[in-house]
Amino acid sequence: MKRFIGFIKKEFYHIFRDRRSLFILFGMPIAQILLFGFAITNEINNVDIAILDHSKDATTKEIINKISASKYFSINQFIEKEKDIEIVFKKGKVKAVLNFEKDFSKNLIKENNANIQVITDATDPNTANTISNYVNAILQNYLKEQNKGVVQAYKIIPQTHMVYNPELKSVYMFVPGVMTIILMLVSAMMTSISITKEKELGTMEILLVSPLKPFQVIIGKVFPYIFLSIINAIIIIVLSIFIFKMPVQGSLILLGLESILFIITALALGILISTISATQQTAMMISLMGLMLPVILLSGFIFPITSMPLPLQVISNIIPAKWFIIIIKGIMLKGVGLEFIWKETLILLGMTVFFIGLSVKKYKIRLE
Amino acid sequence: MEKNKVIQVEGLTKNFGDFTAVNAITFDVKKGEIFGFLGANGAGKTTAMKMLIGISNPSSGKANVAGFDVQTEAEEIKKNIGYMSQKFALYDDLTVKENITFFGGIYGLSRKKIKEKSTLLIEELGLEKVANSLVGSLPLGWKQKISFSVSLIHDPKIVFLDEPTGGVDPITRRQFWELIYKAAHQGTTVFVTTHYMDEAEYCDRVSIMVNGKIEALDTPKKLKEQFNAEDMNDVFLKLARG
């Protein structure tokens, strides 16, 4: 035990005396969560639009007021001619143009049918899509208000409810993803680097010639990172709750335990990487290419797994991050308990045992 | 095991696939002796040494180190030997004192003992001024001396030195050998590999390995007579040419 404490102490000296690793450990998680939370967003806010109003009557005015009152749009300018549409788009600031037909109000009353054209700048397809959806929603809303009390024959009105994230905040999606990335990075990359560093310096040899057993060496190397990763997880959760108002519907304790499980999965991967790489650089490259990219691309963090081609969907199953994201989304957003996520938990547990087993097998107790 | 023989090796062999790195070597080392283990690069010195210190399994043959068998009692051997590698492996980002404390700790020394040892060691090496500096900031020769002293921190019966003087200047090498003599004088057996032939002259006995086999083993004086050579360098060249 005394040997173990001495070992841990040494490990902390390494970590705290290396500014670079300190920055990766604590600077990056905070920077990433703030970046993802504030800068990278799928929501639209104050999008500039232009209005081409051919009728300029009471109804169009009301609709325009409604649109400009919403926080999603701000009216940049009114244009008069069709050919101005292209000009405003080319200037780039305006992302959508609403084109009201002539006699809008009259048509609506007489024929029960009036046309409005929503033209969006689809150089950014996602934004264009979102804009047209939002405009539609505002129009529907307006119609509903107008038709209050009027009984209409044969009309289907879909009542859509967005559950668990009614405001469609993208932070809700990014926080679990960023947390997964950071825990993976810190746990797997930092441990694999710190173990290969000892190999490179030749100190690993000295440690193996000492009475310390190889597994004691590895546990000693890994333990500080478990501790630091837990602190990281706490920082991320606190930031997301207090800055981004991310809810934690389910049990915080369960969230904590699942995070620890995932940290251990990542550490096991880190150990595995260190057994197959001889230098710190190799370890870093393998961690970045082999872990980070799949986590970002295939875990369902950014791109939905269900819309991937089948082979990728299959591959995504072997990525631990996928299961962890399902778990934390479940706990944070849906408030589910272990009864709903035991399957995912079991898969993570299985992967962890597998990785540990494999690294024990790979780890050469007696250096060749 | 004979009473005053601390290392006994018989037919020790290591194969890597088809390649035989160490080919049935047989020798013993007496207690308190400085035993030089010579050979060109790639002759199999380091591989043989790794088997003796218990981090590499022999393919065949027997070896007994400090009274324990390398195949079955490697853990016991580790408690009784010290080891210094060619890289003078200390932690650059730890201070001299912290390094001593750490290595003392992994050999299970008590806190009191570690304190005693580190005061003694720092005094002996004249490191008072740099005791709290990071090892990374010290010159190579100092690192090497500290590394050697650290490998002796648990008073091992035998200390294994793997090319301990690589890359340091002749004056520092000389000082280093004084440390080795001192340790031997205090009863520690020293097993040292080197390819500096002048250093071979300092050893009580030397073995010379060529292509995995021990081709000569005796005191430097007798070897020079046997090969009718002026110095060890000459002996080595005659052997290597075959």
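Bear in mind that the values here come from a model prediction, so they are computed numbers and not experimental data. (Residues numbered from 1 in each chain as written. Chains lettered and ligands numbered in written order. Predicted model: local features only at pLDDT ≥ 70, side-chain atom pairs only at ≥ 80, totals over all residues.)

**Remarks on the overall build of chain A**
What chain A contains, in helices and strands, is 14 helices and four strands. For 368 residues, the compact-globule estimate of 2.2 N^0.38 gives 21 Å, and the C-alpha radius of gyration of chain A, at 28 Å, exceeds that figure by more than 25%. With respect to the three principal axes, the spread of C-alpha positions in chain A is 95 × 45 × 40 Å. A buried classification covers 33% of the 368 residues belonging to chain A. Across chain A, every contact between residues at least 6 apart in sequence was considered, and the portion connecting residues at least 24 apart equals 78%. (Helix = DSSP H or I, 4+ residues; strand = E, 2+ residues; numbered from the N terminus. Rg over C-alpha atoms; globule rule 2.2 N^0.38 Å. Buried ≥ 20, exposed ≤ 12 C-beta atoms within 10 Å, placed from the backbone. Contact = placed C-beta atoms within 7 Å.)

**Points about the environment of phenylalanine 354 of chain A**
Residue and element names in this part refer to chain A. Mapped onto the elements, phenylalanine 354 comes out in helix H14 (residues 338-362). The exposure class assigned to phenylalanine 354 is partly exposed, which follows from the 13 C-beta atoms found within 10 Å. Taking the C-alpha atoms as reference points, phenylalanine 354 and methionine 246, separated by 108 residues in sequence, lie 33 Å from one another.

**A short note on the sheet that holds strand S3 (residues 96-100) of chain A**
Think of a sheet as strands paired side by side through backbone hydrogen bonds, with each pair either parallel or antiparallel. Residues and elements named next belong to chain A. Spatially, S2-S1-S3-S4 is the arrangement adopted by the four strands of the open sheet, whose pairing is mixed. Edge positions in the open sheet fall to strand S2 (73-79) and strand S4 (116-120), since each of these has one partner strand only. Across this sheet, the average inter-strand angle for adjacent strands is 25 degrees, counted without regard to direction. Strand direction decides the pairing type here: strand S1 (residues 47-53) and S2, joined by six bridges, are parallel. By the bridge assignment, valine 47 is partnered in S2 with phenylalanine 73. Relative to S2, helix H3 (residues 58-69) is tilted by about 140 degrees, and along the sheet it contacts S1, S2 and S3. Helix H4 (residues 83-91) contacts S1, S2, S3 and S4 of the sheet and is inclined by roughly 135 degrees relative to S2. (Pairing = 2+ DSSP bridges. Axes fitted to C-alpha atoms, helices over the stretch in contact; angles between N-to-C directions.)

**Here we look at the environment of leucine 179 of chain B**
Inspection of the secondary structure assignment puts leucine 179 of chain B in helix H6 (residues 170-185). Separated by 30 residues in sequence, leucine 179 of chain B and serine 149 of chain B place their C-alpha atoms 8.5 Å apart.

**Topic: the nonpolar core**
Within soluble globular proteins, side chains that are nonpolar tend to cluster in buried spots. By size, the foremost hydrophobic cluster in this structure holds 76 residues, and its most contacted members are Leu52, Val65, Ile81, Ile158, Phe160, Val190 and Phe191 of chain B. For this core, the element with the highest residue contribution is helix H3 (residues 96-106) of chain B, accounting for five residues. With residues near it in sequence (within four places) discarded, isoleucine 158 of chain B still touches Val6, Ile7, Val65, Ala66, Ile81, Thr189 and Phe191 of chain B. Judged by nonpolar contacts, the second largest core, of 58 residues, contains Ile193, Ile195, Ile263 and Ile273 of chain A. (Core = buried A, V, L, I, M, F, W, Y, C linked by C-beta atoms within 7 Å.)

**Concerning the interface of chain A and chain B**
Every contact between the two is made by 22 residues of chain A and, on the other side, 20 residues of chain B. Counting residues per element, the ones that place at least two in the side of chain A that touches chain B are helix H1 (2-17) and helix H8 (203-209) of chain A. If you tally residues by element for the side of chain A that touches chain B, the top one is H1 of chain A, at eight residues. For the side of chain A that touches chain B, the class distribution of residues is nine nonpolar, five polar and eight charged. (Nonpolar A, V, L, I, M, F, W, Y, C, P; charged D, E, K, R; others polar.)

**Side note on the domain arrangement of chain A**
With domains assigned, chain A is organised as domain 1 (2-40 + 169-362) and domain 2 (47-146). Between the C-alpha centres of domain 1 of chain A and domain 2 of chain A there is a distance of 47 Å. (Domains from an automatic or database assignment.)

**Some thoughts on the environment of glycine 126 of chain B**
Mapping glycine 126 of chain B onto the fold places it in the loop between helix H4 (111-124) and helix H5 (140-151). The spacing of glycine 126 of chain B and alanine 48 of chain B is 78 residues in sequence and 35 Å in space, taken between C-alpha atoms.

**Comments concerning the sheet that holds strand S3 (residues 34-39) of chain B**
Residue and element names in this part refer to chain B. Ordered in space as S6-S7-S8-S3-S9-S10, the six strands form an open sheet in which the pairing is mixed. The sheet is open, and its two edges are formed by strand S6 (81-84) and strand S10 (213-218), each paired on a single side. Averaged over neighbouring strand pairs, the angle between their axes works out to 15 degrees when direction is ignored. The strands that H5 touches are S6 and strand S7 (158-162); relative to S6, the one it contacts most, it runs at about 160 degrees. Against the sheet, H6 contacts S3, S7 and strand S8 (189-194), and its axis sits at roughly 150 degrees relative to S8.

**With respect to the confidence of the model for chain A**
When pLDDT is averaged along chain A, the result is 85; 94% of the residues meet or exceed 70. The secondary structure element of chain A with the lowest average pLDDT is helix H2 (residues 19-39) of chain A, at 81, and the one with the highest is helix H10 (residues 252-276) of chain A, at 92. (pLDDT = per-residue confidence, 0-100.)

**Side note on the packing of H5 of chain B against H6 of chain B**
All names here are of chain B. Where H5 meets H6, the closest approach of the two axes is 10 Å, and the angle between their N-to-C directions is 10 degrees. Viewed along their axes, H5 and H6 adopt a mutual orientation that is roughly parallel. For the pair formed by H5 and H6, the contact residues are Gly141, Gln144, Lys145 and Phe148 on the first element and Thr172, Phe176 and Leu179 on the second. Taken together, the residues of the contact of H5 with H6 sort by class into three nonpolar, three polar and one charged. (Parallel < 35°, antiparallel > 145°, perpendicular 65-115°, else oblique.)

**Side note on helix H9 (residues 232-241) of chain B**
All names here are of chain B. Regarding H9, the residues found buried are Met232, Val235 and Phe236. Buried residues of H9 fall within an arc of 95 degrees about the axis and therefore sit on the same side. Exposed and oriented more than 90 degrees from the buried face of H9 are Leu237 and Arg241. (Arc of directions from axis to C-beta.)

**With respect to the packing of H2 of chain A against helix H9 (residues 214-242) of chain A**
Residue and element names in this part refer to chain A. Axis separation between H2 and H9 bottoms out at 10 Å; the angle between their running directions is 25 degrees. As the angle between them shows, H2 and H9 are arranged roughly parallel. The interaxial crossing formed by H2 with H9 has right-handed handedness. Between H2 and H9, the residues in contact are Leu25, Pro29, Ile30 and Ile33 and Leu228, Asn232, Ile235, Ile236, Leu239 and Ser240, respectively. In the contact of H2 with H9, the residues fall into eight nonpolar, two polar and no charged. (Left-handed = near helix turned anticlockwise from the far one by under 90°.)

**Concerning helix H13 (residues 320-334) of chain A**
What sets the pattern is the α-helix's 3.6 residues per turn: residues three or four places apart point alike. With 15 residues, H13 of chain A should reach 21 Å at 1.5 Å per residue; the first-to-last C-alpha distance of 21 Å fits that figure. Among the residues trailing H13 of chain A, glycine 335 of chain A stands out with phi positive, at a value near 70 degrees. (Expected span 1.5 Å × (residues − 1).)

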